Amino acid sequence: MKTLEKYKPIGVFDSGIGGLTVVKKLASCLPNESIVYFGDTARVPYGSKSNFTVIEYSMEDARFLINKDVKLIVVACNTASSIALSALQNNFDIPIIGMIEAGSRRALEKTRSGKIGIIGTSATINSKAYSKEILKIDNKIKVFEKACPLFVPLTEEGWLDHKATYLIAEEYLKELRELNIDTLVLGCTHYPVLIRVVKEIIGNDVELIDSGSAASYVVEKYLQEKNLKNDTKNEGTYEYYVSDISPNFKEIAERFLDRKIDELKKIDLDILTKLK
Ligand code: DGL
């Protein structure tokens, strides 16, 4: 029997495991939805790659999820959302939701001074995707962007409370602090894990925006409006696929997700890149 559209899972992809912070938010917002996750761990990071490569990889990631018969795709990766979202939406019929619009709108709701900071990977910041989105909605806002590339390896290393992390965060964030921003968008999958460090350096009075959390509400609203929300009372199920499994993968993944992962399935790049 054909599965009704609303009972199909949501597909989520990321360049690696960082997107599990977004799955965590989706799961708390939409507990009855099932999720198929794909993390391109063999080719991570996307944040230091060219636009051409990020688009090519993102297309393959999305195709993989479409082959898993998902009803909607969430691009958890901010880098892919910044660079590849329109290419994905133009190429596939399925609804595809990224991080940038949701994070930008949430920041605009929160700011009082009209000074918003954005942090993300080099590719996200170079793309100016957040600035463009925010200024499209309100051109009087002042947006200040700063790439924080070392935050990704620091979180993967588990240095969440390490003095080196505080030193690096101070170096990255001091400029934004001096600019008196009142809202800061965590424009990268990994940064919610560093929220304590960022808060301490930037100051408690700056509102931190988790783009994954903002996007989860957008997904919920979309499913509701399109009558695609899973209305069963059962808890959703989760399937995790990656393109490479490193020795400490499970430990890091569970730290990002904040729950246990029962089974992890590996997809060879050979298969991924040949999917139709
Ligand atoms: N997932 C990426 C992002 O949110 C961070 C890791 C990477 O550079 O691929 O931008």
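The model shown is predicted, which means the values in this text are computed figures rather than measured ones.

> Break down the overall build of the protein chain for me, with residues and values.
If you tally the helices and strands in the protein chain, you get 12 helices and 10 strands. Principal-axis analysis of the C-alpha atoms gives the protein chain an extent of 60 × 40 × 40 Å. Residues classed as buried in the protein chain amount to 55% of the 276 residues present. For the protein chain, restricting intrachain contacts to residue pairs at least 6 apart in sequence, the fraction spanning at least 24 positions comes to 76%. When the accessible surface of the protein chain is summed, it comes to about 13000 Å², and 49% of that surface belongs to carbon and sulfur atoms. In the protein chain, the 38 positive side-chain charges and the 39 negative ones have mean positions that sit 3 Å from each other.

> So what's going on with the packing of aromatic side chains? Residues and values would help.
Counted by the stated rule, this structure contains seven aromatic pairs. Where Phe-38 meets Phe-64, the ring centres are 5.0 Å apart and the plane angle is 45°; that geometry is what we call tilted. Of the two residues, Phe-38 sits in strand E2 (residues 35-39) while Phe-64 sits in helix H2 (residues 51-67), which places them 26 residues apart along the sequence. For the pair Phe-64 and Tyr-241, a centre-to-centre distance of 5.2 Å together with 70° between the ring planes defines the contact as edge-to-face. In this pair, Phe-64 is assigned in helix H2 and Tyr-241 in strand E9 (residues 238-242), connecting sequence segments 177 residues apart.

> Mind laying out helix H8 (residues 163-178), listing which residues take part and the relevant values?
Over its 16 residues, H8 runs 22 Å from end to end, which matches the ideal 22 Å to within 8%, given 1.5 Å per residue. Of all bends in H8, the biggest is about 40°, found at Tyr-172. Buried residues along H8 sit in contact with strand E5 (115-120), strand E6 (142-147), helix H7 (151-156), strand E7 (183-187) and helix H9 (195-202). After H8 finishes, the residue Asn-180 shows a positive phi value of roughly 60°.

> Quick one: what's the story with the sheet that holds E7, residue by residue and with numbers?
Spatially, the four strands line up as an open sheet ordered E6-E5-E7-E8, and their pairing is parallel. With partners counted over all chains shown, the strands left at the sheet margins are E6 and strand E8 (207-210), one partner each. Adjacent strand axes in the sheet meet at a mean angle of 20°, parallel and antiparallel pairs treated alike. Inspection of the sheet shows E7 paired to E8 by four bridges, in the parallel sense. Paired with Leu-184 across the two strands is Leu-208, which belongs to E8.

> Which residues make up the site of the ligand, and what values do they have?
What surrounds the ligand is a group of 13 residues, the closest being Asp-14, Ser-15, Tyr-46, Gly-47 and Thr-79. With respect to the ligand, the backbone of Tyr-46 contributes an N or O atom lying 2.7 Å from an oxygen atom. Contact between the ligand and Gly-47: an oxygen atom at 2.9 Å from a main-chain N or O atom of the residue. Its free accessible area being 300 Å², the ligand has 99% of it covered by the protein chains. For the shell around the ligand, a count of residues per class yields five nonpolar, seven polar and one charged.

> Talk me through the nonpolar core; I want residue IDs and the actual numbers.
If you look at the biggest cluster of nonpolar residues, it comprises 45 residues, and the most contacted ones within it are Ile-10, Val-12, Leu-20, Val-74 and Val-219. In this structure, Val-219 is in contact with Ile-10, Leu-26, Leu-30, Leu-72, Val-74 and Ile-97, ignoring residues within four places of it in sequence. Of all hydrophobic cores here, the second largest spans 26 residues; its members include Ala-62, Phe-64, Leu-65 and Val-70.

> Break down the environment of Lys-8 for me, with residues and values.
Structurally, Lys-8 can be placed in the segment before strand E1 (10-14). Each C-alpha atom, one on Lys-8 and one on Lys-221, is 17 Å from the other, the two residues being 213 residues apart in sequence.

> Tell me about the pattern of salt bridges, and please be specific about residues and values.
Scanning the entire structure with this criterion turns up 25 salt bridges. Between Lys-140 and Asp-138 there is a salt bridge whose closest N-O contact spans 3.9 Å. Residue classification places Lys-140 among the exposed residues on the basis of a relative accessible area of 67%. Three or more residues joined by partner-sharing salt bridges are found here, namely Asp-40, Arg-43, Glu-60 and Asp-61.

> Which residues make up the side chain of Ser-58, and what values go with them?
For Ser-58, the location among the structural elements is in helix H2. Under the relative-accessibility criterion, Ser-58 is labelled buried at 0%. Within the structure, Ser-58 has its side chain in polar contact with the backbone oxygen of Val-54 (distance 2.6 Å).

> Give me the lowdown on the pairing of strand E3 (residues 72-75), citing residues and values where you can.
On a regular strand, each side chain points to the face opposite its neighbour's, so the side chains alternate between the two faces of the sheet. Burial along E3 is two-sided: the residues Leu-72 and Val-74 and Ile-73 and Val-75 are all buried. Bridge count for E1 against E3 is four bridges, and the pairing is parallel. In the strand pairing of E3, Gly-11 is matched with Ile-73. On the question of chirality, the crossover connecting E3 to the parallel strand E4 (residues 96-97) by way of helix H3 (residues 78-91) is right-handed.

The rules we used
- Residues numbered from 1 in each chain as written.
- Predicted model: local features only at pLDDT ≥ 70, side-chain atom pairs only at ≥ 80, totals over all residues.
- Heavy atoms only, no water.
- Helix = DSSP H or I, 4+ residues; strand = E, 2+ residues; numbered from the N terminus.
- Buried < 20%, exposed > 50% of the residue type's maximum accessible area, 1.4 Å probe, protein only.
- Contact = heavy atoms within 4.5 Å.
- Areas by Shrake-Rupley, 256 points an atom, 1.4 Å probe, with all protein chains shown as cover.
- Lys, Arg positive; Asp, Glu negative; His and termini not counted.
- Charge placed at Lys NZ, Arg CZ, Asp CG, Glu CD.
- Phe/Tyr/Trp six-rings, centres within 6.5 Å; stacked < 30°, edge-to-face > 60°.
- Expected span 1.5 Å × (residues − 1).
- Bend = angle between axes of the 7 residues up to and from the residue.
- Pairing = 2+ DSSP bridges.
- Axes fitted to C-alpha atoms, helices over the stretch in contact; angles between N-to-C directions.
- Near = heavy atom within 4 Å.
- Polar contact = N/O pair within 3.5 Å; in protein donor to acceptor, adjacent residues only side chain to side chain.
- Nonpolar A, V, L, I, M, F, W, Y, C, P; charged D, E, K, R; others polar.
- Core = buried A, V, L, I, M, F, W, Y, C linked by side-chain atoms within 4.5 Å.
- Salt bridge = Lys/Arg side-chain N within 4 Å of Asp/Glu carboxyl O.
- Right-handed = clockwise from strand over helix to strand, strands pointing away.

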